[in-house]
Amino acid sequence: MSQLSLEELVDIITNKLETERGKDIKSASDQDLYYVIASIVKDVINPQWLQTQNKYKEANSKRVYYLSMEFLVGRLLESNLLNCGLLDLTTDALTELGFDPEKVYSQEHDAGLGNGGLGRLAACFLDSMASLSYPGFGCGIRYRYGLFEQRIIHGNQIELPDYWLKDPYPWETRKVEEAVKICFGGKVNMFKKNDGSLEFKYEDTDQVMAVPYDIPIVGYQNEVVNSLRLWSAERPDMEPEFLTNRSKRYYHDLDHQHSIDQISGFLYPDDSNHEGKELRLKQQYFLVSASIQCIIRSYKKTSLRSLKHLPDKVTIQINDTHPSLAVPELMRVLMDHERFGWDEAWEITRNVIAYTNHTTLSEALETWPKEMMQNLLPRIYMIIDEINERFCKGIWFDHPELREKIPQLAIIAYDQVHMARLAIVGSFSVNGVARLHTEILKKKEMKDFYTLFPSRFNNKTNGITHRRWLLQVNPKLSSLITDVIGPQWVKSPNKLIGLLRYSKDQPFLEKIEQVKNENKQVLASFIHERTGILVDDQSIFDVQIKRLHEYKRQLLNIFHVIQLYNDLKDNPNLDIIPRTFIFGAKAAPSYYLAKEIIKLINKVASLVNHDKTIQDKLKVVFLENYNVSLAEKIIPAADISEQISTASKEASGTGNMKMMMNGAITVGTLDGANIEIRDLVGDRNIFIFGLTAEEVLNYYHNGGYVARDIYNTDDRVRRILNQLNYGDFGSQDIEFKDIYYNILYHNDPYFVLKDFDAYIETHELVEQAYRDKATWLNMSVTNIAYSGKFSSDRTIQEYASEIWNLNQVL
Ligand code: 26V
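Treat the numbers as computed from the prediction; the structure is a model and nothing was measured.

Basis of the calculations
- Residues numbered from 1 in each chain as written.
- Predicted model: local features only at pLDDT ≥ 70, side-chain atom pairs only at ≥ 80, totals over all residues.
- Heavy atoms only, no water.
- Helix = DSSP H or I, 4+ residues; strand = E, 2+ residues; numbered from the N terminus.
- Rg over C-alpha atoms; globule rule 2.2 N^0.38 Å.
- Buried < 20%, exposed > 50% of the residue type's maximum accessible area, 1.4 Å probe, protein only.
- Contact = heavy atoms within 4.5 Å.
- Lys, Arg positive; Asp, Glu negative; His and termini not counted.
- Charge placed at Lys NZ, Arg CZ, Asp CG, Glu CD.
- Arc of directions from axis to C-beta.
- Pairing = 2+ DSSP bridges.
- Axes fitted to C-alpha atoms, helices over the stretch in contact; angles between N-to-C directions.
- Near = heavy atom within 4 Å.
- Polar contact = N/O pair within 3.5 Å; in protein donor to acceptor, adjacent residues only side chain to side chain.
- Areas by Shrake-Rupley, 256 points an atom, 1.4 Å probe, with all protein chains shown as cover.
- Nonpolar A, V, L, I, M, F, W, Y, C, P; charged D, E, K, R; others polar.
- Patch = residues over 30% accessible without salt bridge, like charges linked within 9 Å, V, L, I, M, F, W, Y side chains within 5 Å.
- Salt bridge = Lys/Arg side-chain N within 4 Å of Asp/Glu carboxyl O.
- Parallel < 35°, antiparallel > 145°, perpendicular 65-115°, else oblique.
- Left-handed = near helix turned anticlockwise from the far one by under 90°.

1. Re the overall build of the protein chain
Here comes step 1: Along its length, the protein chain carries 33 helices and 25 strands.
Here comes step 2: Its C-alpha atoms give the protein chain a radius of gyration of 27 Å, near enough to 28 Å, the size a compact globule of 810 residues would have.
Here comes step 3: For the protein chain, the C-alpha atoms occupy an extent of roughly 95 × 70 × 55 Å along the three principal directions.
Here comes step 4: Evaluated residue by residue, the protein chain yields a buried proportion of 61% over its 810 residues.
Here comes step 5: When contacts within the protein chain are restricted to residue pairs at least 6 apart in sequence, long-range pairs at least 24 apart make up 78% of them.
Here comes step 6: Averaged over its 93 positive side-chain charges, the protein chain has a centre that lies 4 Å from the centre of its 110 negative ones.

Encoded structure:
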C-alpha cells in the first residue's frame, strides 16, 4: 500500500464510494468519505492483524494484558492512517477530490471511554506496545455512553449523554463466538470430596454474557496490529424453564434481565471521589471476570504446559485498583475450575498480577462495604476473606513490630474491603507514575506495606505517544524538526535531543516562531468560530486544560487573571503583553465547588472580554467539552503550560509532557512529573514556584498555615476575595460565596492564597522572558529537545524490562 500513487488511491476511494456507499463523488458527504477511508485502512490492517496474532501464537511469547476501566482513545482514523503510512497520501487524495480532509477526519465521534489522565495513559500505552512490537492487549468495557458531553449555559456546566455509538463505529469487530459467562449473586455450597479437598458449587446465580468487541491497535509503520478488547454485557439465551416455569425466581430473573444492559451502560464520570455504588462494583467484576476467563482460555490454546507456568507467559497489569478483583478472580478460577490448592493458586496469582497506583488522594481510594461484596460476589468475598486472614496472621507472627498496625493494613477492616491493600498483597509489583509520587507511596501513603514488601515497589514515570501528540497534531513543527535532525526521532524520540545544537540558530528559531504563530492563528480562528471571541494571535496563549479539581488549582489561575484585570482597571495604560487565557475542563457532575469554579471562570471571561477599557489586553476563553480531539487542537498553539497543582497532589500529569513536546514553557509547582521535566531542562527553561511537597505535607501534619492572615495582610488577595463574596466585579452581580467561604473558613485546603504571591511574581518573570524573543525561543526548543524522555515508548520499555520481563516479537 505504501507504494500507492495518488491516482490509484483516488480510484480506490471512488470505487468504494460506489460499492460500499452507493454514492458518487458529487453525492457523497463527509461522512461517506470517512467510512470509505476507514474501510481502506481496514483492508490494509486486517491482514496484518491476523498475521500479528499468528506470530504471537507461533512464538508462544509472553503476553501482557493491560486491564483498565478506562481507555480514552479519542479518534482513530487519522492516527491509523499515520501509523500505516497513508496519512499524507490520503490527505492529498481527499483534497484532490474536493473535500476538506479535516472535516472528513472529524466525522469520527471521539471514543471518550475515560475520565482523564489514567484513561489517556492506557491509550498511549497501547500505541507504544504496538509500535515497539510487544504482545500487549488492552481489556476494557464497551460503555454505550462515554464521558458526558459538556455544554456551558449561562456559565454553568450542563451534562449531556455521550452516545458515541449512534453511528456505526468502523473500528470494532463483535466476536460473539468468544463470549464468556459471568456470574453474580447466588449462594456458594461447599462439599468435602473423598480426597479431603473442598469443592465449591454456585447456586441461583444471575448470569450475564460478556461479548467482546475488538479494536485494532496499529503500530507505527511496523505492520504490527495488537488488540483492544472491550466487553459488552448482554443477556444470555434464556433457559427454556425460564419461559415456562413461573417460579418464585421468575420475577427476580426478569429484574436481572433488565438490569444487565446497565453493566456496560455508562462510564462513571467522577475520577476523584470514590462513591461505593453497587453498579460500579458490578462493572469492575464484569471486566475482570471476562478478561481472566479469556486469558486462561488463550493460555490453554497456546501452551501445552500446566497453568503452574502461567507467570512465564502472562502478566496482568492492573490500571489503578479498579480491576483489583483480578486477584480473587484468578484465585477462584485456579481453585474452583482448575483444581489447584490454595498455596499453588496463590503462588501463580501473585506472580501474574502487577498494580499501578495513580493517586494518593484519600477520597479516591476504593473501599467496598463488606456486605455489598458478600451479596454480589459471595465466592469472591470468601476468597478475599481468606487472603486477609492469611495476610494478617503473617504480620502477627512474622512482624510483631507491626501488630498494632493490623487495622490499617488489613484488607478487610471495619466492614470495608480495601482494594489498594488487596492489590498490593496480591501482586508482585506496585508502581507509582512519577518519581515523587513513588517516593510518597513508599515513605508516607504505603509506608508499612513498603516495610513488608520493599522489593515490590518501583517507579515508572509516565509518558505519552509522541506520534499522536507531536507528529500527528503538529505536522508543521514535526517537519521542521525532521528538516534539521532527520526522521529518526519518530521511532527513537530520544533523538530529539539533537535539536539542542540548533537552539541558538537564528534562522531555525525564526522558523520555530513562525510555526507557533501559524498554529496560534489556527486556534484563534477556531476559538472565534466556536465562541465568537476574537483573540489576538500575537498575545501569549496561556493554557490550562485538564479535569477540574480543587487540587489542580484552576482557581489560582483565575485569581491571576482577576489580579491582572484589577491592575488594568487601576491603570489602563499599564504596559503588559496581551494575554489569552485558555481553559478546558470538565467537572464531575456532583462536584459542587468544581462547578462553581467553572462558573467563575466563565463570569470573569464575560467581564474581561467585554470591557473596552482594558483595550483587549486580556482575553479569557473557556472551551466547552474538553476532550482528546479538543486537546489536539489546543496543544500545538500553547505558549504557556499551566501545571500548578498543590505540590504532592498530582501523581504525574501528562498534559505537561504533551505541551512541553510542542514547545510550550511550563509554569508549575514541584509536583508529579514537573520535577523530572525541570531536572532535564534546568531551572532556566521552566518557571517553578510555590510550596514544595514536603512543605505542604508538613502543614497538613503540623498546622501552621492560616489563610486569613494572608487575607488580612495582602491587599490584592483581600480585594479578589471580596469581589467573590460581594459579586463586586464592576457592574456584575454574581456572587461566589462558597468559594470565598471555602478559602477563609475551611482554611484554603489547597494553599491557593499561600502560593498566590509566588505565582504572580513568576508570571511577571514569564512576561519578561517572553519579551526577549531569542531567549524564549531558545527555551522552547530546549523543552522540545528534552521531551524524548516523556515518550510512552520509554515508559513501556521500562515496564517491559523491569516488571513484565517481556520481549519484542519481531
Ligand atoms: C478514580 C476514581 C475514583 C472512584 C470512582 C471512579 C474513578 C475513576 C477514575 C479514577 C482515577 C483517578 C486517578 C487518576 O486519574 N490519576 C491520574 O493518573 C494520571 C496517569 O497516571 C496521572 O498523570 C495524574 O496525575 C493522576 O491524577
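Read on for the rest.
2. A word on helix α20 (residues 475-485)
Here comes step 1: Listed as buried for α20 are L477, S478, L480, I481 and I485. Taken end-on, α20 shows its buried residues confined to a sector of 165°, consistent with a single buried face.
Here comes step 2: Looking at the packing, one finds that the buried side of α20 touches α19 (466-472), α21 (506-531), α25 (655-661) and α32 (773-786).
Here comes step 3: Downstream of α20 by a residue or two, G486 has a phi angle that is positive, lying close to 85°.

3. What to know about unusual backbone geometry
Most peptide bonds take the trans configuration, and most residues that are not glycine carry a negative phi.
Here comes step 1: Of note in the backbone geometry, E223 takes a positive phi value of approximately 60° without being a glycine.
Here comes step 2: When you line up the elements, E223 lands in the loop between β11 (206-218) and β12 (225-234).
Here comes step 3: Its identity is not glycine, yet D616 carries a phi of approximately 60°, on the positive side.
Here comes step 4: Among the structural elements, D616 can be located in the loop between α23 (592-610) and β22 (618-622).

4. Structural notes on the sheet that holds strand β24 (residues 665-668)
Here comes step 1: The strand order across the open sheet built from 6 strands is β22-β21-β20-β23-β24-β25, with neighbouring strands paired in parallel fashion. Each of the sheet's edge strands pairs with one partner strand only, and the pair in question is β22 and β25 (687-688).
Here comes step 2: As paired elements, strand β20 (residues 540-545) and strand β23 (residues 640-643) share 2 bridges and run parallel to each other. Paired with D542 across the bridge in β23 is I640.
Here comes step 3: Helix-sheet contacts for α23 involve β21 (579-584) and β22, and the interaxial angle to β22 is about 140°.

5. As for the site of the ligand
Here comes step 1: Around the ligand, the surrounding shell holds 20 residues, and the nearest of these are D270, H358, N462, E650 and G653.
Here comes step 2: The contact in question runs from an oxygen atom of the ligand to an N or O atom on the backbone of A651, over 3.3 Å.
Here comes step 3: In this structure, G653 approaches the ligand through a main-chain N or O atom, which is 2.8 Å from an oxygen atom.
Here comes step 4: If the ligand stood free it would expose 590 Å²; the protein chains cover 93% of that surface.
Here comes step 5: The element best represented in the shell around the ligand is helix α6 (residues 117-131), accounting for 3 residues.
Here comes step 6: Among the residues forming the shell around the ligand, the class breakdown is 6 nonpolar, 9 polar and 5 charged.

6. Concerning a nonpolar patch on the surface
Here comes step 1: On the surface, a cluster of nonpolar side chains totalling about 260 Å² of accessible area is made up of Y145, Y163 and F266.
Here comes step 2: By secondary structure assignment, the location of Y163 is in the loop between β6 (156-162) and β7 (173-174).
Here comes step 3: According to the relative accessible area criterion, Y163 is partly exposed, its value standing at 37%.

7. Describing the pairing of strand β1 (residues 63-67)
Here comes step 1: Judged by how many residues are buried, β1 sits mostly within the fold: 5 of 5 residues are covered.
Here comes step 2: Where burial is concerned, the two faces of β1 agree: the one with R63, Y65 and L67 and the one with V64 and Y66 are both buried.
Here comes step 3: Direction of pairing for β1 relative to strand β13 (residues 314-319): parallel, over a ladder of 5 bridges. The partner of Y66 across the bridge, within β13, is Q317.
Here comes step 4: As paired elements, β1 and strand β4 (residues 136-141) share 4 bridges and run parallel to each other. Counterpart to Y65 in the pairing with β4 is F137.

8. Topic: the sheet that holds strand β16 (residues 412-413)
Here comes step 1: The strand order across the open sheet formed by 3 strands is β15-β17-β16, and the pairing between neighbours is antiparallel. A strand with exactly one partner marks an edge of an open sheet, and here the two such strands are β15 (367-369) and β16.
Here comes step 2: As defined by bridge partners, β16 adjoins strand β17 (residues 416-418) across 2 bridges and the pair is classed as antiparallel. When the bridges of β17 are listed, A413 appears paired with Q416.

9. Here's the deal with the packing of helix α26 (residues 674-681) against α32
Here comes step 1: Packing of α26 against α32 leaves a shortest axis separation of 10 Å and a crossing angle of 110°. Put simply, α26 runs roughly perpendicular to α32. Like other packed secondary-structure pairs, α26 and α32 cross with a definite hand, here right-handed. On α32, the residues that touch I677, L680 and V681 of α26 are T782, N783 and Y786.
Here comes step 2: In terms of residue class, the contact of α26 with α32 is made up of 4 nonpolar, 2 polar and no charged.

10. What about a negative patch on the surface?
Here comes step 1: Negative charge collects at one region of the surface, where E7, E8, D11, D88, D92 and E96 lie side by side.
Here comes step 2: As for its position among the elements, E7 is in helix α1 (residues 6-21).

11. Some points on the pattern of salt bridges
Here comes step 1: Applying the stated criterion to the full structure yields 55 salt bridges.
Here comes step 2: The residue D261 makes a salt bridge to R235 at a minimum N-O spacing of 3.6 Å. One end of the pair, D261, is in helix α8 (residues 249-263); the other, R235, is in the loop between β12 and α7 (240-244), with 26 residues separating them in the sequence.
Here comes step 3: Owing to a relative accessible area of 32%, D261 belongs among the partly exposed residues under this scheme.
Here comes step 4: Across the salt bridge formed by R579 and D542, the nearest N and O atoms sit 2.7 Å from each other. With R579 in strand β21 and D542 in strand β20, this residue pair connects regions lying 37 residues apart in the sequence.
Here comes step 5: By relative accessible area, R579 is classed as buried at 3%.
Here comes step 6: Through salt bridges with shared partners, one network takes in K175, E178, D214 and R229.

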